[in-house]
Amino acid sequence: MTVVFLGIGATAALTSANSFDSKKLHISSRRLVSETKSTFFVVRSDGRLNSGSNRRAQILITNAVATKADSSPATKPGHELLLFEALREGLEEEMERDARVCVMGEDVGHYGGSYKVTKDLANKYGDLRVLDTPIAENSFTGMAIGAAMTGLRPIIEGMNMGFLLLAFNQISNNCGMLHYTSGGQFTIPVVIRGPGGVGRQLGAEHSQRLESYFQSIPGIQMVACSTPYNAKGLMKAAIRSENPVILFEHVLLYNLKERIPDEEYVLNLEEAEMVRPGEHITILTYSRMRYHVMQAAKTLVNKGYDPEVIDIRSLKPFDLHTIGNSVKKTHRVLIVEECMRTGGIGASLTAAINENFHDYLDAPVVCLSSQDVPTPYAGTLEEWTVVQPAQIVTAVEQLCH
Amino acid sequence: MALTHRSTNLLKPLSAAVPFTSSLRRLFSTDDATAITVETSVPFTGHKCDPPPRTIDTTPKELMTFFRDMATMRRMEIAADSLYKAKLIRGFCHLYDGQEAVAVGMEAAITKKDCIITAYRDHCIFLGRGGTLVEAFTELMGRRDGCSRGKGGSMHFYKKESGFYGGHGIVGAQVPLGIGLAFAQKYSKEEHVAFALYGDGAANQGQLFEALNMAALWDLPAILVCENNHYGMGTAEWRAAKSPAYYKRGDYVPGLKVDGMDAFAVKQACKFAKEHALKNGPIILEMDTYRYHGHSMSDPGSTYRTRDEISGVRQERDPLERIRKLILSHDIATEKELKDIEKEIRKEVDEAIAQAKESPMPDPSELFTNVYVKGFGVQSFGADRKEVRAILP
């Protein structure tokens with residue numbers, strides 16, 4: 001693939017505010033899909049121009065790694081917290097705002113939630129609003145849906161997403177379909193949330209990824225949070241939504257720390273997040289794999305690639321607008337997900353991209369997913385069921401060579 | 001409900017054309033004041049509770065209402081049978097004839113603010129809750145003017161304004177929903193109850209016991225009503241349940257066994273249950289009832305039970321006949337008047353079917369409406385920029 005840089009020396013405005021350093025020269029580059037080898041220029045890291053041959057190694061990007069602007073904590077706006085605290089903040093703000101919002105799940109009340117997402121809420125709002133249920137997923141999910149039919153806005157917590165398989169009938173038939181089969185009479189504004197994904201040697205039954213099972217249910221929306229910022233925003237959006245929303249959290253991400261704004265904010269449920277803009281390849285990911293991708297991105301940047309990383313966030317429906325714009329820019333797609341290979345989110349996304357953006361693709365869509373195996377207990381084996389950064393680097397290199 | 005008003009209006013012109021002796025009866029038929037005492041066919045059997053008394057007071061008006069409502073329900077189900085055989089109704093069609101007393105008796109004991117949720121045998125309960133014949137038939141035929149816009153079908157009748165929550169196809173799944181209705185009622189501190197109806201087949205579902213446990217734990221105003229028609233599709237109750245005493249299945253939850261073919265017994269039981277549920281939490285009612293049709297229209301209904309059994313129940317326990325006998329024995333109306341009412345209802349049902357047939361099929365665009373709720377009303381923005389980025393459509 002010929003890489004052609006045209007245009008020299010123009011400063012380009014960067015889309016992300018953090019990685020700006022005015023001292024460096026920024027080039028505006030345009031990628032041409034042409035086979036002709038025309039003269040081109042290479043901008044070196046010290047700003048000198050070189051005309052060179054088609055050698056990948058010489059292409060250096062000056063603004064590769066996004067660096068955060070340094071500023072002292074005291075002057076930084078917002079407050080720092082962990083992801084589960086962000087979820088709790090979002091939940092509490094919504095419960096404060098609307099008396100119809102209630103939580104139900106196992107050990108959410110007195111125990112404070114197995115991942116501390118509902119800590120102290122029962123003391124504040126009482127036992128009926130933060131309801132400790134018996135271990136009966138099918139029934140308490142059904143109960144929440146019945147309550148939602150009358151106008152309440154329950155949040156169902158599955159202690160682990162895998163347990164919600166027991167409630168599949170209620171989620172599929174009653175939650176997703178009631179609005180349709182009643183001709184619009186009933187809305188089911190529930191939020192079903194819980195941690196899923198492969199953890200640290202939790203065993204096969206506690207390491208499930210249910211996104212793939214739920215994605216075909218008509219009438220529900222699915223979102224996956226990955227940072228404290230989007231966790232709080234998506235939680236609030238999910239609670240305010242009139243549709244049933246399944247919010248996928250990840251067991252290993254609960255202790256992520258980030259500084260989030262003090263002001264109230266709500267994120268768009270159907271929007272994807274641009275994590276790192278780039279030019280060479282679009283990497284679509286969500287939840288924990290975002291961090292594996294970012295880790296791989298560091299390596300890739302050192303090797304001279306410029307990946308565009310998008311956290312798709314919205315698993316149903318896909319944000320084909322953001323994804324499409326990215327594909328039109330880079331013409332290569334790599335999907336990195338934690339779902340299984342067969343019938344996962346990646347499989348659907350591959351189909352969607354192929355159908356909609358086929359003309360813009362220069363290479364087949366590559367999808368890196370977890371292996372189609374039950375997650376083993378042994379640590380080394382478990383590592384190899386999920387996609388590792390090294391594999392992402394190899395895949396990008398193969399796609400972009 | 002819609003049916004009652006018609007009965008008082010239409011009886012007047014009828015009796016005007018008839019000799020003067022019946023004008024005396026006209027007073028009785030709309031009479032709300034005279035108390036008539038009836039006794040239920042069998043006494044109630046209680047489990048962990050004191051059953052209510054067997055004697056119930058009623059009025060001529062109520063008797064006539066019961067008769068009219070049950071006759072309409074009966075006629076509707078039989079008409080649905082013919083429509084199904086004429087291939088105007090497709091898919092599954094589960095008919096309720098024989099069980100009308102449960103729908104009518106329950107309705108008489110409660111208000112529209114109380115919720116009812118049932119399974120797929122829901123046509124008559126829909127009617128009882130205020131649904132019209134036209135809405136029912138158009139929905140059965142899949143037309144646009146149906147109660148669920150033609151998108152639900154026989155098993156998905158709903159009427160939110162009157163507290164009828166459906167209409168569910170999966171056996172037993174409606175019971176946790178019913179407990180949820182009760183939960184919402186308790187949460188909002190309303191003095192209303194939720195009736196969750198299920199069959200003897202569904203009584204063996206685990207989610208029932210899970211739901212019952214939760215309802216009892218939190219004293220939810222839920223009343224679980226087992227409409228025991230003795231056959232779970234093709235399987236008799238003694239072949240499916242080790243303990244067919246469904247009213248006792250609640251164990252720590254009180255129960256009441258009721259003759260479901262006697263509308264007054266049902267009414268008494270539901271009144272009792274409502275008072276109980278508001279004070280003490282859940283209660284189970286077992287309605288001993290019978291369906292004349294098979295499980296659905298694809299089931300002849302005679303492979304697992306004898307025709308003698310069906311005709312025996314029809315002769316001895318038919319709910320409509322019981323009310324007819326009561327009306328005749330108390331001289332509230334003559335045999336001829338009742339027959340006239342039935343003829344009238346037949347005409348009403350035929351007219352409703354004709355009107356339903358004229359309703360158009362849903363527009364193709366309806367395929368995609370109501371999948372999601374439009375107009376979420378959420379403004380989404382990023383606080384770091386303090387500007388509105390998108391307003392969800």
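A quick note: this is a predicted structure, and the numbers were derived from the prediction, not measured.

Considering the overall build of chain B
Here is step 1: Along its length, chain B carries 13 helices and twelve strands.
Here is step 2: Pairs at least 24 apart in sequence give 73% of the contacts found in chain B among residues at least 6 apart.
Here is step 3: For chain B, the accessible surface area stands at approximately 16300 Å², while carbon and sulfur atoms represent 54% of it.

Focus on the overall build of chain A
Here is step 1: For chain A, the count of helices and strands is eleven helices and 16 strands.
Here is step 2: The burial tally for chain A puts 57% of its 401 residues in the buried class.

Details of the environment of Gly 201 of chain B
Here is step 1: By the secondary structure assignment, Gly 201 of chain B is in the loop between β5 (194-199) and α8 (206-217).
Here is step 2: Sequence spacing of Gly 201 of chain B and Gly 234 of chain B is 33 residues, and the spatial spacing of their C-alpha atoms is 9.8 Å.

Details of the interface of chain A and chain B
Here is step 1: Listed per partner, the contact involves 56 residues of chain A and 51 residues of chain B.
Here is step 2: Across the chain A to chain B interface the summed buried area is about 4400 Å²; carbon plus sulfur atoms make up 64%.
Here is step 3: Counting the contacts that link chain A with chain B gives zero salt bridges.
Here is step 4: In this structure, the connection of chain A to chain B is made through 18 residue pairs in polar contact (both at pLDDT 80 or more).
Here is step 5: Where the side of chain A that touches chain B is concerned, the elements lending two or more residues are β4 (101-105), β5 (130-132), α3 (137-150), α4 (168-181) and α6 (228-240) of chain A.

Concerning the confidence of the model for chain A
Here is step 1: Of the residues in chain A, 81% reach a pLDDT of 70 or more, and the chain-wide mean stands at 84.
Here is step 2: Predicted confidence for residues 1-67 of chain A stays below pLDDT 50, and this span has 94 contacts to residues more than four positions away or in other chains.

A look at the nonpolar core
Here is step 1: With 81 residues, the main nonpolar core has Phe 214 and Ile 353 of chain A together with Phe 183 of chain B as its most contacted residues.
Here is step 2: The leading source of residues in this core is helix α7 (residues 174-187) of chain B, at eight residues.
Here is step 3: The contacts of Ile 353 of chain A, once residues within four sequence positions are left out, are Leu 284, Ile 323, Val 327, Val 333, Ile 335, His 358, Leu 361 and Val 365 of chain A.
Here is step 4: Of all hydrophobic cores here, the second largest spans 74 residues; its members include Val 38, Leu 63, Phe 272 and Ile 323 of chain B.

Overview of the packing of aromatic side chains
Here is step 1: Under the definition given, this model contains eleven aromatic pairs over all chains.
Here is step 2: Consider the rings of Tyr 231 of chain B and Tyr 304 of chain B, whose centres lie 5.3 Å apart with planes at 45°: the pair is tilted. With Tyr 231 of chain B in strand β7 (residues 231-232) and Tyr 304 of chain B in the loop between β10 (283-288) and α11 (307-317), the pair connects residues that are 73 residues apart, well separated along the chain.
Here is step 3: Sitting over the ring of Tyr 291 of chain A, Arg 290 of chain A keeps its end group 6.0 Å from the ring centre.
Here is step 4: We note Arg 314 of chain B situated over the ring of Tyr 292 of chain B; from NZ or CZ to the ring centre the distance is 4.1 Å.

A word on unusual backbone geometry
Here is step 1: Following Lys 316 of chain A, the chain continues to Pro 317 of chain A via a peptide bond in cis, the omega torsion being 0°.
Here is step 2: Take Pro 317 of chain A: it is sitting in the loop between β14 (314-316) and α8 (320-330).
Here is step 3: In this chain, Gly 166 of chain B is followed by Gly 167 of chain B through a cis amide linkage whose omega measures 15°.
Here is step 4: Here Gly 167 of chain B is to be found in the loop between α6 (133-140) and α7.

Observations concerning the sheet that holds strand β6 (residues 222-228) of chain B
Residues and elements named next belong to chain B.
Here is step 1: Taken in spatial order, the six strands line up as β2-β9-β10-β6-β5-β4 in an open sheet, and their pairing is mixed. In this open sheet, the two strands that pair with only one neighbour each are β2 (45-47) and β4 (115-117). When the angles between neighbouring strand axes are averaged without regard to direction, this sheet yields 20°.
Here is step 2: Examined bridge by bridge, strand β9 (residues 255-259) and β10 share five bridges and lie parallel to one another. Paired with Lys 257 across the strands is Glu 286, a residue of β10.

Overview of the packing of helix α3 (residues 60-85) of chain B against α6 of chain B
Residues and elements named next belong to chain B.
Here is step 1: Between α3 and α6, the least distance of the axes is 12 Å, while the angle of their chain directions is 20°. Comparing the axis directions of α3 and α6 gives the class roughly parallel. The two elements α3 and α6 meet at a crossing, and its hand is right-handed. Between α3 and α6, the residues in contact are Thr 72, Met 76, Ala 79, Ala 80 and Leu 83 and Leu 133, Ala 136, Phe 137 and Leu 140, respectively.
Here is step 2: Considered class by class, the residues forming the contact of α3 with α6 number eight nonpolar, one polar and no charged.

What to know about the pattern of salt bridges
All names here are of chain A.
Here is step 1: What the rule picks out here adds up to 44 salt bridges over all chains.
Here is step 2: Among the salt bridges present, the one from Glu 94 reaches Arg 97, with a minimum N-O distance of 3.6 Å. Note that Glu 94 and Arg 97 are positioned in helix α1 (residues 83-97) at a spacing of three residues, about one turn of the helix.
Here is step 3: What makes Glu 94 buried here is its relative accessible area of 1%.
Here is step 4: Here Arg 276 ties to Asp 306 by a salt bridge, and the two come within 2.8 Å at their closest N and O atoms.

Details of the side chain of Thr 227 of chain A
Here is step 1: The residue Thr 227 of chain A is located in the loop between β8 (221-224) and α6 in this model.
Here is step 2: Beyond its immediate stretch of four places on either side in the chain, Thr 227 of chain A contacts Leu 83, Glu 258, Arg 290 and Tyr 291 of chain A.

Let's talk about the sheet that holds β14 of chain A
Residues and elements named next belong to chain A.
Here is step 1: Pairing is mixed across the open sheet formed by seven strands, whose spatial order is β5-β4-β6-β7-β9-β8-β14. The strands lining the two open edges of the sheet, one partner per strand, are β5 and β14. The mean inter-strand angle of the sheet, taken between neighbouring strand axes irrespective of direction, is 20°.
Here is step 2: The sheet contact formed by strand β7 (residues 191-196) and strand β9 (residues 245-250) spans six bridges and is parallel. Each bridged residue has a counterpart across the sheet, and for Ile 192 the counterpart in β9 is Ile 246.
Here is step 3: Across the sheet, α1 lies against β4, β5, β6 (153-157) and β9, angled at about 135° from β4, the strand it touches most.

Considerations on the environment of Arg 317 of chain B
Residue and element names in this part refer to chain B.
Here is step 1: Topologically, Arg 317 is positioned in helix α11.
Here is step 2: Residues Arg 317 and Met 261 lie 56 residues apart in sequence; the distance between their C-alpha atoms is 6.3 Å.
Here is step 3: A polar contact of 3.0 Å, which involves the side chain of Arg 317, links it to the side chain of Asp 259.
Here is step 4: A polar atom in the side chain of Arg 317 sits 3.1 Å from the backbone oxygen of Asp 288.

Remarks on the UniProt feature "domain: Dehydrogenase E1 component" (unreviewed entry) in chain B
Here is step 1: The UniProt record annotates "domain: Dehydrogenase E1 component" (unreviewed entry) at residues 68-364 of chain B.
Here is step 2: As annotated, residues 68-364 of chain B has a helix share of 46% and a strand share of 10%, and its two end C-alpha atoms lie 38 Å apart.

Points about the domain arrangement of chain A
All names here are of chain A.
Here is step 1: Annotation of chain A at the domain level lists domain 1 (2-13 + 76-260) and domain 2 (273-400).
Here is step 2: On a C-alpha basis, the centres of domain 1 and domain 2 stand 23 Å from each other.
Here is step 3: Contacts between the two partners involve 31 residues from domain 1 and, on the opposite side, 27 residues from domain 2.
Here is step 4: Surface buried jointly by domain 1 and domain 2 totals about 2400 Å² across both partners, of which 53% is contributed by carbon and sulfur atoms.
Here is step 5: In terms of surface lost to domain 2, no three residues of domain 1 exceed Gln 201, Arg 209 and Gln 215, which account for 27% of the buried area on that side.
Here is step 6: For the pair domain 1 and domain 2, the interface holds zero salt bridges.
Here is step 7: Linking domain 1 with domain 2 are 21 residue pairs in polar contact (both at pLDDT 80 or more).
Here is step 8: Counting residues per element, the side of domain 1 that touches domain 2 draws most heavily on β8, which supplies four residues.

Rules and cut-offs
Residues numbered from 1 in each chain as written. Chains lettered and ligands numbered in written order. Predicted model: local features only at pLDDT ≥ 70, side-chain atom pairs only at ≥ 80, totals over all residues. Heavy atoms only, no water. Helix = DSSP H or I, 4+ residues; strand = E, 2+ residues; numbered from the N terminus. Contact = heavy atoms within 4.5 Å. Areas by Shrake-Rupley, 256 points an atom, 1.4 Å probe, with all protein chains shown as cover. Buried < 20%, exposed > 50% of the residue type's maximum accessible area, 1.4 Å probe, protein only. Buried area = accessible area lost by both parts, 1.4 Å probe. Salt bridge = Lys/Arg side-chain N within 4 Å of Asp/Glu carboxyl O. Polar contact = N/O pair within 3.5 Å; in protein donor to acceptor, adjacent residues only side chain to side chain. pLDDT = per-residue confidence, 0-100. Core = buried A, V, L, I, M, F, W, Y, C linked by side-chain atoms within 4.5 Å. Phe/Tyr/Trp six-rings, centres within 6.5 Å; stacked < 30°, edge-to-face > 60°. Lys NZ or Arg CZ within 6 Å of the ring centre and 35° of its normal. Pairing = 2+ DSSP bridges. Axes fitted to C-alpha atoms, helices over the stretch in contact; angles between N-to-C directions. Parallel < 35°, antiparallel > 145°, perpendicular 65-115°, else oblique. Left-handed = near helix turned anticlockwise from the far one by under 90°. Nonpolar A, V, L, I, M, F, W, Y, C, P; charged D, E, K, R; others polar. UniProt positions renumbered as here; feature names shortened; annotations may be inferred. Domains from an automatic or database assignment.

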